[in-house]
Amino acid sequence: MSAVIEHDHHEDHHHGPDKGLMRWVLTTNHKDIGTLYLWFSFIMFLTGGVFALVIRAELFQPGLQIVEPEFFIQMTTMHGLIMVFGAVMPAFVGLANWLVPMMVGAPDMALPRMNNFSFWILPFAFSMLLATFFMEGGAPNFGWTFYAPLSTEYAPPTVTFFIFGVHLMGASSIMGSINIIVTILNMRAPGLKLMQMPLFVWTWLITAYLLLAVMPVLAGVVTMMLMDIHFATAFFDAGGGGDPVLFQHVFWFFGHPEVYIMILPAFGIVSAIIPTFARKRLFGYASMVYATSAIAFLSFIVWAHHMFTAGIPITGELYFMYATMLIAIPTGVKVFNWVATMWKGSMTFETPMLFSVAFVILFTIGGLSGLMLAIVPADFQYHDTYFVVAHFHYVLVPGAVFSIMAAVYYWLPKWTGNMYNEALGKTHFWLSFVGVNITFFPQHFTGLAGMPRRIPDYALQFADYNMISSCGAFLFGFSQILFLFIILQTIQDDKKATNQVWESAHGLEWTLPSPAPYHSFSTPPKNLQEAHG
Amino acid sequence: MSEQSYEAYYVPHNSKLPIFASLGIFLTVFGIGNILNDMSAGTEHSAGMWVLLVGGLVLGFTLFYWFGTVIEENHQKLYSDQMNRSYVWAMGWFIFSEVMFFMAFFGALFYVRFWVVGWLGGEGDRGPSELLWPGFTPEWPMMSNPETDKFVGPAEVIPSLQLPLLNTALLITSSFTVTIAHHAIKEGNRKKLINWLAATIALGLIFLVVQGYEYYHAYADLGLTLASGIYGTTFFMLTGFHGAHVTLGTFMLIVMLGRALKGHFEADDCFGFEAASWYWHFVDVVWVGLFIFVYLLGGGPTGF
């Protein structure tokens, strides 16, 4: 395997990519691996999206129409698992792979072979997870939060493969995070100080720290499940002196930082895009860094707000309520800063900016419904209803997913060398924006009226809102085919982008040619004035 | 900064190692999954064992070549100081993630001891437990579980100041011996390095034998098993995962001894050894935590 094709004979240590499939299998290049992550994430996004549409098709009308209840709950479970671990997280890791080395002026990720390992574990892990559909007992059917004893005593035998799948994803995340953290701490161009780094790099530094802290806890909790299932231990069995609520504590100690893992890199993306299209520097750079750190710290001490109805002591409920509300402060700082950046800016609304502005507004709606859920007595009413579904879909879809789409439009010209079709991009945005709101806004109402989640049937009074919601879901889902088309068209096209691409974009990546050369910054950049915008 | 003063960062062009490692790790867990499912379902015949065997071999050989490649590249002076700092940071963060893994199990222990035991005995507003299991006495170690037929409690638990105290002494001593071996590298004294590293390995192996005997004693004589309720659960899972880490740490040290015998390690170039020794110190610190919280304050007899 020494078929090295040298494109650049001037500097013989610069190799171009190999030809053919093996380029992708054997690559150690951060840009190739970033591309792999992003395509993998997109495939998983469509897979999880199909599951979501099965759910919405069943809920289009009351009564059982299309799928059996057993299959419905497998759909909700796998939709959640695939979207969280297969779509959102790998997309952010892919963006980090592409962007962090260019943004800090590094030649590549710190440990390039391990980087390839982190990626290639994922297709194996998700193949195993998806294969459970065809195994005896069917796919996991206990929700993406896999509460014991549903996931232990009453689980199908495929739970074993689910557990090992989670172990593999965890190993991938841990190695990926080590790589990102080491790249940021050790590979910055000489003279680039931490407080000069772009916010995307900062948010990923903190995200990687969170991942390293909580993915092992997730591995711990699934290992406890494995032992309870196969070795008769009593972690989650009160009959043996354990406690099913212990599962929820350990799971949410992972789970709450996990939800910030899925949003902090989004903050970084939006903090890069808004200044570019407002043609102003980011308002309050330092406060953004401190707010991100504060959110990360708070994420470790609020986990039991997911468990108010599980039977925890009242003092615990009060503490977790107040601690949770504190998160609104640093998050408010961020939203304030984004708005202040736009204030009196010379704004234009290209597709990345549209997605970013929508992010700020819709993520804030999701944050405010989160505040409502933090109130203990109110949560007794909201718990496990569609209000919760609406809340976390508002922060994840027009939050995390919109930020990923914004990032793709923003950096696609840098990656491919070509401009995407602006008219189609805007069409994609408006279809997605309308679709998302039609899907999830009515779920606030059905939830407040008491419609429970994860149930394939519902009472007649919820029929209208569910029908609207399903229509929105199909609109949003099918709009993503347009997204795929736009990306493929941009790769094929020949509408050359300039190096800076956007008139007011700042950052080291924009000093590179478009498309970015296979190896960039093999020697560190000297002009660091451009480092952050 | 001129280009001459910048030492190039080594980026291998491409590598077959990771894809084989991914395949190996996948086959390993897929094989184990099949074996466990057959075991719990009571079925005998399955391909799980073969899948595990193939996966384990692929993973094992890949890791062997991977580490060998890294050592070889280092000997060829391909690594800059910056590259070596990457390895240092990476090992540090890896150990941090391992600490968090143990935190999950320590957290489970504390939660059960401080809250669950009382609740099961009817304390607080969780009264219904008393209706479910009226005869249950809340105590730690939990010698009799709420559901006595499903979970048969242990007859006795391991006393803290006998074998566990010996094991504590062994591991703390080994932390010192591995540090002396490290100093020997810095002094360039290979004989001293080999002797003290071998002593560390011996202490690790004795620890494992003692713990193996302790497990045998628990299963054969005391009725303390994984299935004997929450005490056995937390006891075996915490000490067991620690034991697995000692095994891995000892294996790492054995590899380092082999390398020392081959003439590897210089005063300014011994990261492999240092990584193994950090891992060893980490394993020691976890043991001290175990000794305090599982044994010493574990509520069992001291046996002294």
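- Identification of chain B as cytochrome-c oxidase from OM182 bacterium MED-G24 is taken from an unreviewed UniProt entry.
- Taken directly from UniProt, the Sequence similarities (unreviewed entry) text for chain B runs: "Belongs to the cytochrome c oxidase subunit 3 family."
- What UniProt records for chain B under Subcellular location (unreviewed entry) is the sentence "Membrane".

- Per an unreviewed UniProt entry, chain A carries the name Cytochrome c oxidase subunit 1 and comes from OM182 bacterium MED-G24.
- Database annotation for chain A, UniProt heading Sequence similarities (unreviewed entry): "Belongs to the heme-copper respiratory oxidase family."
- The UniProt entry for chain A carries this comment under Catalytic activity (unreviewed entry): "4 Fe(II)-[cytochrome c] + O2 + 8 H(+)(in) = 4 Fe(III)-[cytochrome c] + 2 H2O + 4 H(+)(out)".

A short note on the overall build of chain A
So, point 1. Helix and strand counts for chain A stand at 16 helices and 0 strands.
So, point 2. Scaling as 2.2 N^0.38, a compact globule of 533 residues should have a C-alpha radius of gyration of about 24 Å, and chain A matches this with 23 Å.
So, point 3. Principal-axis analysis of the C-alpha atoms gives chain A an extent of 70 × 55 × 45 Å.
So, point 4. Burial statistics for chain A: of 533 residues in total, 66% are counted as buried.
So, point 5. Long-range contacts, defined as pairs at least 24 residues apart, comprise 81% of the intrachain contacts of chain A with a sequence gap of at least 6.
So, point 6. Total accessible area computed for chain A in this model is approximately 17800 Å², and 69% of it derives from carbon and sulfur atoms.
So, point 7. Charge centroids of chain A, computed over 19 positive and 28 negative side chains, lie 16 Å from each other.

Some thoughts on a nonpolar patch on the surface
So, point 1. A grouping of Met49(B), Trp50(B), Leu53(B), Leu57(B), Phe61(B), Phe64(B) and Tyr65(B) is seen on the molecular surface, where their side chains present a nonpolar patch of about 880 Å² in accessible area.
So, point 2. Here Leu53(B) lies in helix H2 (residues 48-75).

Things to note about the UniProt feature "domain: Cytochrome oxidase subunit I profile" (unreviewed entry) in chain A
So, point 1. The sites that carry the UniProt feature "domain: Cytochrome oxidase subunit I profile" (unreviewed entry) are, in the present numbering, residues 24-528 of chain A.
So, point 2. Overall, residues 24-528 of chain A shows 68% helix and 0% strand. The separation of its end C-alpha atoms is 32 Å.

Some remarks on the domain arrangement of chain B
Residue and element names in this part refer to chain B.
So, point 1. Annotation of chain B at the domain level lists domain 1 (8-79) and domain 2 (82-296).
So, point 2. One C-alpha centre belongs to domain 1, the other to domain 2, and the line joining them spans 25 Å.
So, point 3. Facing 8 residues of domain 1, the contacting portion of domain 2 comprises 8 residues.
So, point 4. Summed over both sides, the interface between domain 1 and domain 2 buries roughly 750 Å², with carbon and sulfur atoms accounting for 56% of that surface.
So, point 5. Where domain 1 meets domain 2, there are 0 salt bridges.
So, point 6. Taken together, the links from domain 1 to domain 2 amount to 3 residue pairs in polar contact (both at pLDDT 80 or more).
So, point 7. Split by residue class, the side of domain 1 that touches domain 2 holds 5 nonpolar, 2 polar and 1 charged.

Side note on helix H10 (residues 314-326) of chain A
So, point 1. Between the first and last C-alpha of H10(A) there are 19 Å, a value that for 13 residues agrees with the 18 Å anticipated at 1.5 Å per step.
So, point 2. When we look at burial in H10(A), the residues that qualify are Gly316(A), Glu317(A), Phe320(A), Met321(A), Ala323(A) and Thr324(A).

What about the interface of chain B and chain A?
So, point 1. In this complex, chain B contributes 69 residues to the contact, which on the side of chain A involves 75 residues.
So, point 2. Across the interface of chain B and chain A, roughly 6200 Å² is buried in total on both sides, 73% from carbon and sulfur atoms.
So, point 3. In this assembly, chain B and chain A are joined by 3 salt bridges.
So, point 4. The salt bridge involving Asp237(A) is made with Lys150(B); its shortest N-O contact spans 2.7 Å.
So, point 5. Counting every contact that joins chain B to chain A gives 19 residue pairs in polar contact (both at pLDDT 80 or more).
So, point 6. In terms of residue count, helix H3 (residues 81-120) of chain B provides more of the side of chain B that touches chain A than any other element does, 21 residues in total.
So, point 7. Looking at the side of chain B that touches chain A, its residues break down into 46 nonpolar, 16 polar and 7 charged.

Things to note about the nonpolar core
So, point 1. Core analysis: the biggest nonpolar cluster contains 278 residues, and Phe85(A), Phe126(A), Phe146(A), Phe162(A), Trp338(A) and Phe273(B) have the highest contact counts within it.
So, point 2. Sort the elements by how many residues they give to this core and helix H6 (residues 199-231) of chain A lands first, with 23 residues.
So, point 3. Shared between two domains, this core holds at least three residues of each, these being domain 1 (8-79) and domain 2 (82-296) of chain B.
So, point 4. If you look at the next biggest cluster of nonpolar residues, it comprises 5 residues, including Leu373(A), Ala378(A), Tyr382(A) and Val388(A).

Structural notes on the packing of helix H15 (residues 422-448) of chain A against helix H16 (residues 463-492) of chain A
Residue and element names in this part refer to chain A.
So, point 1. Interhelical geometry of H15 versus H16 gives an angle of 155 degrees and a closest axis separation of 8 Å. Between H15 and H16, the angle is such that the two are roughly antiparallel. Judged by the twist between their axes, the crossing of H15 over H16 is left-handed.
So, point 2. Here the residues of the contact of H15 with H16 are counted per class, giving 16 nonpolar, 14 polar and no charged.

Structural notes on the environment of Val245(A)
Residues and elements named next belong to chain A.
So, point 1. Position of Val245 among the secondary structure elements: in helix H7 (residues 244-261).
So, point 2. Relative accessible area serves as the criterion here: at 8%, Val245 is assigned to the buried category.
So, point 3. For the pair Val245 and Ile312, spaced 67 residues apart in sequence, the C-alpha to C-alpha distance is 8.6 Å.

A look at the side chain of Gln480(A)
All names here are of chain A.
So, point 1. Position of Gln480 among the secondary structure elements: in helix H16.
So, point 2. Of the polar contacts made by the side chain of Gln480, one reaches the side chain of His428; its length is 2.9 Å.
So, point 3. Excluding its chain neighbours within four sequence positions, the residues that come into contact with Gln480 are Phe42, Phe45, Leu46, Met405, His428 and Ser432.

Remarks on the packing of aromatic side chains
So, point 1. Enumeration over the complete set of coordinates arrives at 91 aromatic pairs over all chains.
So, point 2. Between the aromatic rings of Trp430(A) and Phe433(A), the centroid separation amounts to 5.7 Å while the plane-to-plane angle is 80 degrees, which identifies the pairing as edge-to-face. Residue Trp430(A) and its partner Phe433(A) are located together in helix H15, separated by 3 residues, close to a single helical turn.
So, point 3. Relative to Phe236(B), the ring of Phe235(B) has its centre 5.0 Å away and its plane inclined at 85 degrees; by these criteria the two rings are edge-to-face.
So, point 4. Take Phe235(B): its relative accessible area is 2%, and that puts it in the buried class.
So, point 5. Look at Phe236(B) and you get buried, because its relative accessible area is 6%.

Things to note about the side chain of His249(A)
So, point 1. Assignment of secondary structure puts His249(A) in helix H7.
So, point 2. Those residues in contact with His249(A), other than ones at most four positions away along the chain, are Trp303(A), Met307(A), Ile312(A) and Tyr111(B).

The rules we used
- Residues numbered from 1 in each chain as written.
- Chains lettered and ligands numbered in written order.
- Predicted model: local features only at pLDDT ≥ 70, side-chain atom pairs only at ≥ 80, totals over all residues.
- Heavy atoms only, no water.
- UniProt positions renumbered as here; feature names shortened; annotations may be inferred.
- Helix = DSSP H or I, 4+ residues; strand = E, 2+ residues; numbered from the N terminus.
- Rg over C-alpha atoms; globule rule 2.2 N^0.38 Å.
- Buried < 20%, exposed > 50% of the residue type's maximum accessible area, 1.4 Å probe, protein only.
- Contact = heavy atoms within 4.5 Å.
- Areas by Shrake-Rupley, 256 points an atom, 1.4 Å probe, with all protein chains shown as cover.
- Lys, Arg positive; Asp, Glu negative; His and termini not counted.
- Charge placed at Lys NZ, Arg CZ, Asp CG, Glu CD.
- Patch = residues over 30% accessible without salt bridge, like charges linked within 9 Å, V, L, I, M, F, W, Y side chains within 5 Å.
- Salt bridge = Lys/Arg side-chain N within 4 Å of Asp/Glu carboxyl O.
- Domains from an automatic or database assignment.
- Buried area = accessible area lost by both parts, 1.4 Å probe.
- Polar contact = N/O pair within 3.5 Å; in protein donor to acceptor, adjacent residues only side chain to side chain.
- Nonpolar A, V, L, I, M, F, W, Y, C, P; charged D, E, K, R; others polar.
- Expected span 1.5 Å × (residues − 1).
- Core = buried A, V, L, I, M, F, W, Y, C linked by side-chain atoms within 4.5 Å.
- Axes fitted to C-alpha atoms, helices over the stretch in contact; angles between N-to-C directions.
- Parallel < 35°, antiparallel > 145°, perpendicular 65-115°, else oblique.
- Left-handed = near helix turned anticlockwise from the far one by under 90°.
- Phe/Tyr/Trp six-rings, centres within 6.5 Å; stacked < 30°, edge-to-face > 60°.

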